[in-house]
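# Understanding the architecture of this molecule
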Amino acid sequence: MNIPSNYKVLFLQGGGCGQFSAVPLNLIGLKEDRCADYLVTGTWSAKAAKEAEKYGKVNVVHPKLDSYTKIPEPSSWNLNPSASYVYYCCNETVHGVEYNFVPETNGVVLVSDMSSNFLSRPVDISKFGLIFAGAQKNVGCAGVTVVIVREDLLGRALKECPVVLDYKVQAEMNSLYNTPPCFSIYIMGLVLDWIKNNGGSAAMEMLNKQKSSMIYDIINASNGFYVCPVETACRSRMNVPFRVGKKGGDDALEKEFLDGASKRGMISLKGHRSVGGIRASLYNAVTLEDTKALADYMKEFLKEHQ
Ligand SMILES: *Cc1c(COP(=O)(O)O)cnc(C)c1O
């Protein structure tokens, strides 16, 4: 990941959601106003913003979105120069909305939740104050959360910050303040070796581009039989949500699609219950061959029902 030497890498517990609390507890006091800017572009950033409200003032920098299908134009963001940090979720797992640019914050500390696209593409760490990611989507199994934090941000936690969530304490103790989740860390080590031996984040990016294009191309060429509600510019390479039959989805067809997929051994394609439809998650562990099997099935299903 080319992590610069003035960053610490921590291996913590509590998942991505634990970081929704840890981030404000450690960073919202960086400036006197105890204020943070949030971009709310899906379920996960909405949850993070709600949690942060417990510890300070939260400013959502754009008008509330009525559907999570786009990223508001950066020129319309109302960033607060005295915010302690700017927060965004790099890949909204439920809605399939991904940032393919790094937000410009004019010097304010930038924080990102990369739980569902960590190590799926190269990232310039030096642009960030902090990045976190639960391991279970792209780098291992549940139980460990990676936090990459710039050293000058350590030691600024609110006094009510629980000690296990205090980045400075964990950094000084080499992530061993309390018993670490050894098994999850071991598995992550194996996955990191696998990524490295397969060409690292640049190679993962190439694969993920190929995989996601395979699915989006079918959607785009289906004459509205498959519908992805997300704006083209921010369509996720990791999570491809789509409806079957028509805009908003045809219940009977979607059920038939999922049943047919499951008969071919393709499971967990059902969209998140809050959005419905289908969601193909194409994390690093999903191979080109796996993706091709789904693509072939989608083409066949289209031919049968169009
Ligand atoms: C899954 C996910 C989370 C929540 O992770 P937990 O480990 O279940 O707390 C947070 N953010 C994003 C983007 C996720 O995909």
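Definitions and limits used
- Residues numbered from 1 in each chain as written.
- Predicted model: local features only at pLDDT ≥ 70, side-chain atom pairs only at ≥ 80, totals over all residues.
- Heavy atoms only, no water.
- UniProt positions renumbered as here; feature names shortened; annotations may be inferred.
- Domains from an automatic or database assignment.
- Buried area = accessible area lost by both parts, 1.4 Å probe.
- Salt bridge = Lys/Arg side-chain N within 4 Å of Asp/Glu carboxyl O.
- Polar contact = N/O pair within 3.5 Å; in protein donor to acceptor, adjacent residues only side chain to side chain.
- Helix = DSSP H or I, 4+ residues; strand = E, 2+ residues; numbered from the N terminus.
- Phe/Tyr/Trp six-rings, centres within 6.5 Å; stacked < 30°, edge-to-face > 60°.
- Pairing = 2+ DSSP bridges.
- Contact = heavy atoms within 4.5 Å.
- Axes fitted to C-alpha atoms, helices over the stretch in contact; angles between N-to-C directions.
- Core = buried A, V, L, I, M, F, W, Y, C linked by side-chain atoms within 4.5 Å.
- Buried < 20%, exposed > 50% of the residue type's maximum accessible area, 1.4 Å probe, protein only.
- Near = heavy atom within 4 Å.
- Areas by Shrake-Rupley, 256 points an atom, 1.4 Å probe, with all protein chains shown as cover.
- Nonpolar A, V, L, I, M, F, W, Y, C, P; charged D, E, K, R; others polar.

- Going by an unreviewed UniProt entry, the chain carries the name phosphoserine transaminase and comes from Amphilophus citrinellus.
- In its Pathway (unreviewed entry) section, the UniProt entry covering the chain states "Amino-acid biosynthesis; L-serine biosynthesis; L-serine from 3-phospho-D-glycerate: step 2/3."
- Within the UniProt record for the chain, the comment given under Cofactor (unreviewed entry) is "pyridoxal 5'-phosphate".

## Description of the domain arrangement of the chain
- Each assigned domain of the chain is listed here: domain 1 (7-196) and domain 2 (199-304).
- One C-alpha centre belongs to domain 1, the other to domain 2, and the line joining them spans 27 Å.
- For the pair domain 1 and domain 2, the summed buried area comes to about 2000 Å², and 54% of that belongs to carbon and sulfur atoms.
- At the boundary of domain 1 with domain 2, the tally comes to 0 salt bridges.
- In this structure, the connection of domain 1 to domain 2 is made through 15 residue pairs in polar contact (both at pLDDT 80 or more).
- Residue assignment for the side of domain 1 that touches domain 2 shows that the elements contributing at least two residues are strand 6 (97-98) and helix 4 (182-197).
- For the side of domain 1 that touches domain 2, the leading source of residues is helix 4, giving 3 residues.

## Observations concerning the packing of aromatic side chains
- Across all of its chains, the model carries 17 aromatic pairs by this definition.
- Pairwise contacts between aromatic rings join F20, Y38, W44, Y85, Y87 and F132 into one cluster.

## Looking at the sheet that holds strand 10 (residues 226-227)
- Across the sheet, 3 strands lie side by side as 10-11-12; this open sheet has antiparallel pairing. Among the strands making up the open sheet, the edge pair consists of strand 10 and strand 12 (278-281).
- Pairing of strand 11 (residues 239-244) with strand 12, which is carried by 4 bridges, proceeds in the antiparallel orientation. Bridged to V240 within strand 12 is A280.
- With respect to the sheet, helix 5 (residues 200-220) is in contact with strand 10 and strand 11, its orientation differing from that of strand 11 by roughly 25°.
- Lying over the sheet, helix 6 (residues 251-263) contacts strand 10, strand 11 and strand 12, oriented at roughly 130° with respect to strand 11.

## Description of the nonpolar core
- F118, I219, Y226, F242, V244, F257 and M298 are the most contacted members of the largest nonpolar core, which has 55 residues in total.
- Looking at this core, the element that brings in the most residues is helix 7 (residues 288-305), giving 6 residues.
- Two domains each provide a minimum of three residues to this core, namely domain 1 (7-196) and domain 2 (199-304).

## Structural notes on the site of the ligand
- In the region of the ligand, 13 residues are neighbours, and C17, T93, D113, Q136 and K137 sit closest.
- At 2.6 Å, a side-chain N or O of D113 approaches a nitrogen atom of the ligand.
- Against a free-state accessible area of 380 Å², the protein chains account for coverage of 86% of the ligand.
- Among the residues making up the shell around the ligand, the classes are represented as 4 nonpolar, 7 polar and 2 charged.

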